[in-house]
Structure formats: C-alpha cells, structure tokens
Amino acid sequence: MRTRSVPLVRTAALVLTAPLLAPVAARAADLFAPRPTAQAPAYTDWSGGYVGLEGSAGGSYGAYSFGPTTIGGRPVPPFKSGDSTGRSDQGKNATTATGGLFGGWNWQAGPWVYGIEASLDAANLKRPVPSTIAGFGYADATPAFNIVRAKTDLYGALRARLGYSFDRYLIYGTFGLAGANARILANYPDLDAGGQTAARRDLDAGGQTAARRDLDYVGFTLGAGVQYAITDSLALGIDYRYIDLGGSRRFPLGAVPGDAGGPVTTRASFNSNQLFARLMWFPDGLKVPPDPDETAPHDPDNGDTGRFSLHGQTTLIAQGVPGFRSPYEGAQSLIPHQARQTTTATIFLGLKLTDSTEVYYNPEFSQGFGLSRTLGVAGFVNGEAQKAGAPFPKLRSNRYYVKQTFGLGGETVEVPDGPNQVATRYDAERITLIAGKFALGDFFDGNIYAHDPRVDFFNWSLWGSSAWDFPANLPGFTQGVYAEYNRPEFAIRAAYTQVPKEPSSDVLDPRVFRRAGLNVEFEERHVLPWLEQPGKIRIGLFSNVGVSANNRDVVTLTQLGLFDDINDAVAATRRPRRKTGGYINLEQALTPELGLFARASLNDGRTENISFTDIDQSFSGGLSLKGKAWDRPDDTVGIGAAMNGLSPSHRAAFAAGYLGLLIGDGRLKYGTERALETYYALNLTKFVTLTFDYQFIDNPGYNRDRGPAHFFASRLHADF
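Residues numbered from 1 in each chain as written. Predicted model: local features only at pLDDT ≥ 70, side-chain atom pairs only at ≥ 80, totals over all residues. Heavy atoms only, no water.

Trainee: So what's going on with the pattern of salt bridges? Residues and values would help.
Mentor: Tallied over the entire structure, the rule returns 35 salt bridges. Its salt-bridge partner being Glu523, residue Arg538 comes within 3.1 Å of it at the nearest N-O pair. Of this pair, Arg538 sits in strand β25 (residues 533–548) while Glu523 sits in strand β24 (residues 517–528), and the two are 15 residues apart along the sequence. Exposure class is identical for Arg538 and Glu523. Each is buried. For the salt bridge of Lys579 with Asp604, the shortest nitrogen-to-oxygen distance reads 3.5 Å. Of the two residues, Lys579 sits in strand β26 (residues 575–589) while Asp604 sits in the loop between β27 (594–603) and β28 (617–627), which places them 25 residues apart along the sequence. Each of Glu54, Glu117, Asp121, Arg159, Arg161, Asp239, Arg241 and Arg278 takes part in salt bridges that share partners, so that together they form one network. (Salt bridge = Lys/Arg side-chain N within 4 Å of Asp/Glu carboxyl O. Helix = DSSP H or I, 4+ residues; strand = E, 2+ residues; numbered from the N terminus. Buried < 20%, exposed > 50% of the residue type's maximum accessible area, 1.4 Å probe, protein only.)

Trainee: Describe the packing of aromatic side chains, and please don't skip the residues or the numbers.
Mentor: All told, the structure shown has 39 aromatic pairs when counted by the stated rule. Aromatic pair Trp112 and Tyr164: ring centres 5.0 Å apart, planes at 70°, arrangement edge-to-face. Taken together, the residues Trp112 in strand β7 (residues 112–130) and Tyr164 in strand β8 (residues 146–166) connect sequence positions 52 residues apart. On the basis of relative accessible area, Tyr164 is assigned to the partly exposed category, the value being 37%. Between Tyr694 and Phe712, the ring centres sit 5.5 Å apart and the planes meet at 50°, which makes this aromatic pair tilted. Of this pair, Tyr694 sits in strand β31 (residues 688–698) while Phe712 sits in strand β32 (residues 709–719); the two residues are 18 residues apart in sequence, bridging distant segments of the chain. Directly above the ring of Phe102 sits Arg278, whose terminal nitrogen or CZ lies 3.7 Å from the centroid. The lysine or arginine in question, Arg667, covers the ring of Tyr328, its NZ or CZ lying 4.0 Å from the ring centre. (Phe/Tyr/Trp six-rings, centres within 6.5 Å; stacked < 30°, edge-to-face > 60°. Lys NZ or Arg CZ within 6 Å of the ring centre and 35° of its normal.)

Trainee: I'd like to hear about the sheet that holds strand β13 (residues 262–266), residue by residue, with values.
Mentor: Hydrogen bonding along the main chain pairs the strands of a sheet, whether they run parallel or antiparallel. Spatially, four strands are ordered β4-β3-β13-β12 in an open sheet, and the strand pairing comes out antiparallel. Either end of the sheet is taken by a strand with one partner, and the two such strands are β4 (74–76) and β12 (251–256). Ignoring strand direction, the axes of neighbouring strands in this sheet form an average angle of 30°. One ladder, built from four bridges, connects β12 with β13; its direction is antiparallel. Counterpart to Phe251 in the pairing with β13 is Thr266. (Pairing = 2+ DSSP bridges. Axes fitted to C-alpha atoms, helices over the stretch in contact; angles between N-to-C directions.)

Trainee: For the side chain of Asn181, give the residues involved together with the corresponding values.
Mentor: For Asn181, the position within the fold is in strand β9 (residues 169–186). For Asn181, a relative accessible area of 19% gives the class buried. Separated by 2.7 Å, the side chains of Asn181 and Asp153 make a polar contact. Among the polar contacts made by the side chain of Asn181, one reaches the main-chain amide nitrogen of Leu154 at a distance of 3.1 Å. Contacts of Asn181, omitting those with residues within four sequence positions, involve Lys151, Thr152, Asp153, Leu154, Leu215 and Asp216. (Polar contact = N/O pair within 3.5 Å; in protein donor to acceptor, adjacent residues only side chain to side chain. Contact = heavy atoms within 4.5 Å.)

Trainee: Could you give me a rundown of the environment of Thr231, with the residues and numbers involved?
Mentor: Among the structural elements, Thr231 can be located in the loop between β10 (211–229) and β11 (234–247). Counting along the chain gives 56 residues from Thr231 to Lys287, while the straight-line C-alpha distance between them is 9.8 Å. Dropping the residues within four chain positions of it, Thr231 is found in contact with Arg168, Leu286 and Val288. Separated by 3.1 Å, the side chain of Thr231 and the backbone nitrogen of Ser233 make a polar contact.

Trainee: Mind laying out helix α6 (residues 648–655), listing which residues take part and the relevant values?
Mentor: By the burial criterion, the buried members of α6 are Ser649, His650, Ala653 and Phe654. Angularly, the buried residues of α6 cover 140° about the axis, an arc narrow enough to put them on a single face. Gly657 occupies a position one or two residues after α6 and carries a positive phi of about 105°. (Arc of directions from axis to C-beta.)

Trainee: Got a sec to walk through the nonpolar core? Specific residues and values, please.
Mentor: Nonpolar side chains in soluble globular proteins tend to end up buried together. Membership of the largest hydrophobic core comes to 48 residues, with the highest contact counts inside it found for Phe380, Phe444 and Phe711. Of all the elements in the fold, those that place two or more residues in this core are β21 (430–438), α3 (460–463), α4 (551–559), α5 (566–573), α6 and β32. Top element by residues in this core is α5. It accounts for three residues. Here Phe711 is in contact with Gln319, Gly320, Val321, Leu334, Leu371, Val377, Val381, Asp693, Tyr694, Gln695 and Ile697, once residues within four sequence places are set aside. (Core = buried A, V, L, I, M, F, W, Y, C linked by side-chain atoms within 4.5 Å.)

Trainee: Tell me about unusual backbone geometry, residues and numbers included.
Mentor: With an omega dihedral of 0°, the bond running from Gly67 to Pro68 counts as a cis peptide bond. Within the fold, Pro68 resides in the loop between β2 (60–66) and β3 (69–71). Cis geometry marks the peptide bond from Gly707 to Pro708, where omega comes out at 0°. Position of Pro708 among the secondary structure elements: in the loop between β31 and β32. Its identity is not glycine, yet Tyr702 carries a phi of approximately 65°, on the positive side.

Structure (structure tokens):
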C-alpha cells in the first residue's frame, strides 16, 4: 500500500492542541441598622468584546452534491461525494483539520446574552467522487478510482448569538451568514488507452487534471454552543455549526472520452457540519459569581434541590494515530495517519414522585466518529466513540426509567443531589427496583478508578470487563428491569434486559421471553485491616440468548466450499444461541490518594459476540493517583494495562475473513492484543477538566502483521 511519512510529533501536536449585575438589597429592619451587602448575581456577566482561537481535528465534515448533470447533453443520475461515513466514500478515513480566529461583542440584560461574532477558518477538506457512480462509464472498472475531487480550504461566518448565562456557563444558539470556497477537479481517463493508472496518479497526487473549476459560495449557518469561564478573562467552549451554502450555477467540468461521452456540465451544492473547541479572551474581563462549595470535578453537588434534579455534561475528545506498520488493509482495519473527534452533551433530569419513587430521563446529543469509524482495535481506544456515529449532532433518549426503593429499616444514608440522583435519604438496608431504558454499566462492573471514559481511562478494556458481552444497542443502552438488595457490607443485583436483534444492531429484540440477557453481580465491601483503606470486589455472571452464528460451524462451511465468503456463511446460519461468561473486578484504595483496580473477564467464545466487542478473554489493571503530593489535589494521573484474547474457533473465523463487531483485517496472524494507557487529568476549575492521554497498542485487532500503534488524545469535560 502507498503510505505517507507523517511524523509522530506532528500527529500528537495536532490532537493535543485541537480541545448586567442584578444586586438585591434586603430591607432594613430599622433605620439604624447597617445596609446589607448586595447579593452577588448567580451568573457571569459576558458583556464586552472578545477574541479567540478555534480548532477541530477530525470533527468537521462536508458533503458536495452534484446535479443535474449532463454528459454530451445526456442526463445522468445525481451523485455526491459523501460525508465521510459511507463505505463507498474513498475519503472516509481522511482527516479534516479546521481552525482559525474569531471575535465578537456581547451585550447582556440580566442572564440573557446577545451579540454578534465573525470568524475565519482555514481547512483541508477534500472529498473524492469514486468511479462507481452511474452514467460515466467507469462503474465496472476494477479497482475503483477517483474521477472527481472537491476541495475547500477557507470558511467565513458572520453570526448573531443569543444565550442564557448561569454560574460560569453560557449556553447559546447562533444564526447568520456563511461563505466558503471550493475547487472541483476532474479527470476522465480513456480506459481503452490504459488511462486508469494515470488518472489515479493525477488525482491522488494532485497532478495534471482534465478540468478544474473554482467556486465561491454564500449561504446560511445555524448552530449552538456552550462556554465556561475558567478565569476572569479566559473561557473554554465547544461550538457546533451547520452550514448550508446552497448550489452553484451550472458550469462545465471537462469531457468524458468515447462514443458515449461528451462535454460534462453540472451544478454543485455544499453543506457542512463543524464542531470546534474554542479558547476565548475577554480583554475587559468577566464578572463571575463566587465559586460554590468544593465538589468533585466530575460530580457537582448543588445540595438538596427538593424533588427535582437537573445536571448536565459535555465531553469533547480529539484523538489521532500516526503511521504504523500496515502491509494490507481489510474492511474493518485500523487506518494509519488520521485524527478523529467525538463530542457528547447530556442532560440528567430527575424527579422524586414520592419519598420512595423517582423517575429519570437523559436526552443526549452525540457527534463524530472514532478512529477508522470505530473499527480496527478490539479494546477500542476511545470510550466515547460510538458504533452509531454521525457527522451531525444526533439526539437520542438514552435513558428513561422509574426507580422504586423499599426501605428495610436500620441505619439511614444521606444521598446528595447529583447526575441521575435526586437528593434523598435511603435505608442502608433496602431493595431497589428499576424499569426502563438504561446502560448495564450504570449498575454493574463499577469501579471508582476505571469506569467512566469521560473522566478516567479511554480504553474499552480498562474502563470495563471487555469479555462481558453486555446486551445493548449501538450507543450502549438497553431496556429491561433491574433489582438490587443492598446492605452496608454487600449488595446483590440482577437485570433482565433486551438483546439486539442481531450482532451490532441498533434495534432491540422485542421477544424478551425467548431472546434476552440475564446479568447477576455480587459486590463485597471491606476495609483492609493493615491499610485501613476501603475496597470492593465484584463478581458477575451473564447468560445471553441472541441471534448469532457458531464460529466453528461457519469456518467448516467455508472450508468445505459451501460458501465463498465466510460472512455469507455467518448470515445464513445465524439463529438464537446462548453465550455465557463472567468477570471479577477489584477496587482497592491503598492510600487516600492512591487506588488500585484490576479486572478479569471470560466468555465461552463459541459464538459471535452480539453487542460489545470482539473479545473472549481479557485481563486488565492499573493505578490511579490524586495530585495532593504536588499541590494539585483535584488532578488525577492514571496508568493501566490490558491484554485481550480470542478463543481458537474465533481466531479461525477471523483468519478466514470474518468481519466482527469492531475488527476484521481479511486475514489474521494471531497474537494477543495488548494495551498500555496513561493519562493526566488537569482540573481547571471545579467543573472543568482537561485530560491528556497516550495509548500504546500491540497487535491491534489481534494481528501481528499490524502495528504497534501509538495514540495521542486530549479530552475537555465539563459538568453543571
């Protein structure tokens, strides 16, 4: 394969740099009492001018659509370049970096903020159109090549902003005008004259082209964002914008050779989805409210809010991988030389109906893709990357459930307000029932040192027991019932939930009495006498019945020649089958600042995994240390390692070309997949954390022919 030399340092640098006052005076009790001090506002005053920098590494997408198009006066079907999502888009693994300058002015009336902003951004957006499109006469050419490439390298926008300020946050919406340039390059080789090789060389290397057209677009933009004042003059933010630049006038674009060819004329329309990390400077300063009481940066506590709870979070992860050994690529291989960005924003709503009944609802926006479209590594390197990624913010109702608690007397426990928790009081001994939609990881396999990719480890095999094939749709949620018996010394919990209709499906199977998942966990709590530090041991078992294929059967059918492609054998032989397994999970404090975690998990390995990832055995562990020793008590540094494996029959299937949930190189020289990860979480404020992360993966996708690979990432996480 053709590779480019991209220095490791360049990739690391790209990713790590990508992330009116209303005083109220109290009435005097008597004329001689001193005047009370005015109450400080509960929101930041954002009024005045500001300038800033914004950037995106793999978080901006663009699509060019062409049509109506004619060749020699003959109409051909409309075609488009795609939006970096489809298998037919040859630019799906290209990294689009966008960034530039912006500035604006805000006015403020109470908590309401309005203003105007201008921005100018450079980009390297490139989107090819493959030869497989109909009408040009190249649909059957093998291998496919690019006949058109569209490029944009400059965006500009003038937008109005309207927002609401609370605490140190500003949440806003935007609308306005946007513009961009575009350069359309085309080459139509004469295949009879052997022109395909030259065409591939010309378009891929930027050489001589048969036609070029420069276009300028002006259209509209809509968007939204959030920003947080980290000091009295600096703010960090996340800004999303949708840009629709409409269509161009008809223009000529070269000529297709041959008797069925002729001059090409077309029109091109363009739209883009962009998401930026931003750093803003306010020269005249900001008026910020006093800080609330000290709380953990990832779990803000605003006290007892009565029967209602409202919290939120947003997380942006930019991650890149430089070059590595890659002698061949399959349909689900890890691709070198790329960067990607993912973003989520979640609202946690809670309501206490009675003293023992609560309901919760979590709408969530997510945008972006993991590296290689979240493929190529079994223990994937970004815990926020979803198999249901999108180039635009996709809204899902990820959780909605009712929670009923039955107190059994004895001691009581005060539970503060937090995400998905209304402030309340429970009996220490209690039974809890939950019904609705949730993630099994909300209740099972917990670990305070390694369980949340928004605040600790990124790697799937470090924040979870990765051989546990927990039932879930593509974003990781399911529907069902959950029960827990809790005592101070231990807890026993179980869940019965839906499974996906087939492996890696976003649709959950409604036949819950025939196809479902059963998960059981025992949690023991202790204090080690010689350390006098708390710890927990969790032991979990699972048994899922879902539609899957038997690994050994599909290998045998393919070897006998009954199927040319093992994936056809998989599709033909899928039926309801049971998969069982279990895990053990250790969480142990060694000192008040230092904690140890370890996990081991295993499943039977006989059938396809249906939900999580392609792992049959996994072992992981590591340490988490708070920064008290260097006067940064809210910072965290973590280091962990993991080793993943496959059963013999699962290895044979991948060696024969099987495509799993996440991996599939088309062939396999088996070796265990090993991961090392370290991160530093820098606590900027009580509610904003900036993390820098490095991972080393040996044998990605269990393939000794590939890698090792180095991954660099930054993460911006904020709670409110």
